[in-house]
Amino acid sequence: MARITASVYTSHVPAIGAAMDLGKDKEPYWQKVFAGYDFSRQWIKDNKPDVVFLVYNDHATAFSLDIIPTFAIGTAAEFAVADEGWGPRPVPKVEGAPELAAHIAHSVIQQDFDLTIVNRMDVDHGLTVPLSLMCGQPKQWPFKVIPFAVNVVQYPVPSGMRCFRLGQAIRKAVESYDEDVNVQIWGTGGMSHQLQGPRAGLINREWDNRFLDRLIEDPEGLANVGHIEYVKEAGSEGIELVMWLIARGAMADVAGGPKPTVKHRFYHVPASNTAVGHLILENNQ
Ligand code: DHB
Ligand code: FE
């Protein structure tokens, strides 16, 4: 059967992608950010998944205000890299896993989560920056990707608890797939940041680090935190962090299995306007 072997959590700051694409990643400012991913780039080579179920948010690229799906699963065979206004990033196109994606859609919808099925979609920095952080600049991404877009841009956004429960449903869906597939689930976006208004530039190190602690030790308690706390404490764009609870909800301990091993933890300020957080949790089967 297919199984979820690990979860990866990382911020998606667009300027990180630009720094890599423009060859600025060796500059001292950026070196401090990329240093946090040295371990991860070796780890992903040593623990190469077949498929990454990549939870991210679209930034009005694939979806405009015309249609706002709360949860959208990409079932296509491939996904083009979006043009976000400066031309598409010079990174490989993203290869999908249509059969597994269709199976997950079927199972998760039958478990009472309403997913939007997306057969054609371009993917923006929310998805490509985490890939670049973890894999560097390969000619082809080393695994298939199921893009899973969550609306955290236009209110109302889903609660942390709904995201956490959805992660549990995704785990069941993956484990009910007959083929032997090594799946990782990634939760992306965050950490604290606010891009607009009088509080623009807000960063909350203490809250972010407490979030990381609780994500590891007390994910269910963390799932009870309401939107207002995210916005107050982590800024308007800090709400992206609810997506990390989808990945965490899919880990074995939540279903009564053993606790995951923390393989890597990193936190750094600043990167553009955001705090960068990163975590790798491995399931112990
Ligand atoms: C920035 C961060 C984001 O998460 C984003 O989607 C866009 C911009 C920033 O730090 O500038
Ligand atoms: Fe963002």
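Heads up: the structure comes first, above all this text.
Okay, so let's go over this structure. The shown structure was predicted, so the numbers you read here are calculated from the model rather than taken from an experiment.

1. What to know about helix 7 (residues 205-217)
End to end, helix 7 covers 18 Å across 13 residues, agreeing with the expected 18 Å (1.5 Å per residue, within 8%). Taken residue by residue, helix 7 has W207, D208, F211, L212, R214, L215 and I216 as its buried positions. Tucked into the core, helix 7 has its buried residues touching strand 1 (3-10), helix 8 (219-223), helix 9 (227-234), helix 10 (242-249), strand 9 (261-271) and strand 10 (274-282).

2. What to know about the coordination of the iron ion (ligand 2)
Around a metal, the ideal angle is 109.5 degrees if four donors adopt a tetrahedral arrangement and 90 or 180 degrees if six donors adopt an octahedral arrangement. Coordination of the iron ion (ligand 2) by the protein involves H12 (NE2), H59 (NE2) and E240 (OE), with metal-donor separations of 2.1 to 2.3 Å. Summarised as a motif, the one-chain spacing of the donors to the iron ion (ligand 2) is H-x46-H-x180-E. Of this pair, H12 sits in the loop between strand 1 and helix 1 (14-21) while H59 sits in the loop between strand 2 (51-56) and strand 3 (71-74); the two residues are 47 residues apart in sequence, bridging distant segments of the chain. Residue H59 is classed as partly exposed on the basis of its relative accessible area of 25%.

3. What about the sheet that holds strand 2?
Pairing within the open sheet is mixed, and its eight strands lie in the order 6-3-7-2-8-1-10-9. Edge positions in the open sheet fall to strand 6 (116-118) and strand 9, since each of these has one partner strand only. Ignoring which end each strand starts from, the neighbouring axes of this sheet average 20° apart. Bridge count for strand 2 against strand 7 (residues 144-150) is six bridges, and the pairing is parallel. Along strand 7, the bridge assignment pairs V51 with K144. In the packing of helix 3 (residues 38-46) onto the sheet, the strands contacted are strand 1, strand 8 (182-188), strand 9 and strand 10, and the crossing angle to strand 10 comes to about 35°.

4. Some remarks on the environment of H125
You can see H125 is positioned in helix 5 (residues 125-135). Classification of H125 as buried rests on a relative accessible area of 9%. It is 9.7 Å that separates the C-alpha atoms of H125 and D83, two residues lying 42 residues apart in sequence. Setting aside residues no more than four positions away along its own chain, H125 makes contact with H12, P14, H59, E84 and P130. For H125, the side chain forms a polar contact with the side chain of H59, separated by 3.3 Å.

5. Description of the environment of F34
Secondary-structure assignment places F34 in helix 2 (residues 28-34). Assessed through its relative accessible area of 5%, F34 is described here as buried. Residues F34 and P98 lie 64 residues apart in sequence; the distance between their C-alpha atoms is 32 Å.

6. Points about the nonpolar core
For soluble globular proteins, the rule of thumb is that nonpolar side chains tend to be buried together. Judged by nonpolar contacts, the single largest core of 59 residues is most densely connected at F53, F148 and I246. For F148, the contacting residues outside a window of four places in its chain are F53, L54, V55, Y56, F71, A72, I73, L115, L166 and I246. V13, M134, F143 and F266 belong to the second largest nonpolar core, which has 40 residues in total.

7. Digging into the layout of surface pockets
Roughly 700 Å³ of volume is contained in the largest pocket. Looking at the largest pocket, it is lined by 30 residues, and the ones nearest its centre are P14, H59, E84, W86 and H125. Looking at the lining of the largest pocket, the element that brings in the most residues is helix 1, giving four residues. The wall of the second largest pocket is formed by 16 residues, among which D58, A60, F63, N151 and V153 lie closest to the centre. Considered class by class, the residues forming the lining of the second largest pocket number ten nonpolar, five polar and one charged.

Parameters and conventions
Residues numbered from 1 in each chain as written. Chains lettered and ligands numbered in written order. Predicted model: local features only at pLDDT ≥ 70, side-chain atom pairs only at ≥ 80, totals over all residues. Heavy atoms only, no water. Helix = DSSP H or I, 4+ residues; strand = E, 2+ residues; numbered from the N terminus. Expected span 1.5 Å × (residues − 1). Buried < 20%, exposed > 50% of the residue type's maximum accessible area, 1.4 Å probe, protein only. Contact = heavy atoms within 4.5 Å. Donors = N, O, S within 2.8 Å, 3.2 Å for Na, K, Ca; no water. Pairing = 2+ DSSP bridges. Axes fitted to C-alpha atoms, helices over the stretch in contact; angles between N-to-C directions. Polar contact = N/O pair within 3.5 Å; in protein donor to acceptor, adjacent residues only side chain to side chain. Core = buried A, V, L, I, M, F, W, Y, C linked by side-chain atoms within 4.5 Å. 1 Å grid on protein atoms, 1.4 Å probe; cavity = no way out; pocket = protein on both sides within 12 Å on 5 of 7 lines; lining within 4 Å. Points joined across faces, edges and corners; volume = space filled by probe spheres on them. Nonpolar A, V, L, I, M, F, W, Y, C, P; charged D, E, K, R; others polar.

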